[in-house]
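Overview (structure and organization)
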Amino acid sequence: MEEIRSVADALCKVLEDDKAEDLILVELQGKSSLADFMIIASGRSGRHVAALATHVAEEVKKLTGRKPSVEGMPNADWVLIDTGDVIVHLFRPEVREFYNLEKIWVSDKPVHRASPA
């Protein structure tokens, strides 16, 4: 679990460095068998979301040796990156507000909110 946490933390760092907005890290242990962690963040535009997704996917490959599954790149409104153990959701702000994943997944456990740059 510690190794998976270090991957999630490294991906959060990449997103922080690339100026992702409203970054949160959600522990999914005990909530879902889909993954151990979920990262939710926003980009300022479709181009920013696509750049964030590309960089995260490259970092996953470096960290794990596996290419992640990436969905949603053509429009880059909502890009999902699935590493197996960590799921990353990247949104344009209005799309994130519409789907409101935080309401679904962040009901009872504390969430790590990345500090503003």
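Our subject is the structure listed above.
Residues numbered from 1 in each chain as written. Predicted model: local features only at pLDDT ≥ 70, side-chain atom pairs only at ≥ 80, totals over all residues. Heavy atoms only, no water.

Of all six residues in strand β2 (residues 37-42), six are buried, a share of seventy percent or more. By the alternation rule, side chains of β2 split into F37, I39 and A41 and M38, I40 and S42, which are all buried. Where β2 and strand β5 (residues 86-91) come together, six bridges link them in parallel fashion. The residue bridging I40 from the neighbouring strand is H89, located in β5. (Buried < 20%, exposed > 50% of the residue type's maximum accessible area, 1.4 Å probe, protein only. Helix = DSSP H or I, 4+ residues; strand = E, 2+ residues; numbered from the N terminus. Pairing = 2+ DSSP bridges.)

Let us now look at the nonpolar core. Counting residues in each nonpolar core, the largest one holds 24 residues, and the members touching the most others are L11, L15, I39, V56, V86, V88 and L90. For this core, the secondary structure elements donating two or more residues are α1 (2-17), β1 (21-27), β2, α2 (46-64), β4 (78-82) and β5. Of all hydrophobic cores here, the second largest spans 11 residues; its members include I24, A35, I40 and W105. (Core = buried A, V, L, I, M, F, W, Y, C linked by side-chain atoms within 4.5 Å.)

This next bit is on unusual backbone geometry. Even without a glycine there, the phi angle at K19 is positive, about 65 degrees. Structurally, K19 is set in the loop between α1 and β1.

Here the focus is the pattern of salt bridges. Pairs may arise between side chains of opposite charge once their charged atoms sit close together. The full count for this structure, using the stated rule, is seven salt bridges. Note that R5 is salt-bridged to D9, the shortest N-O span being 3.2 Å. In this pair, R5 and D9 are both assigned in helix α1, four residues apart and thus about one turn of the helix distant. Accessibility expressed as a relative area gives 29% for R5, which makes it partly exposed. For K62, the salt bridge identified is with E59, shortest N-O distance 4.0 Å. Of this pair, K62 and E59 both sit in helix α2, separated by three residues, roughly a single helical turn. When salt bridges that share partners are traced, they join R5, D9 and E27 into one network. (Salt bridge = Lys/Arg side-chain N within 4 Å of Asp/Glu carboxyl O.)

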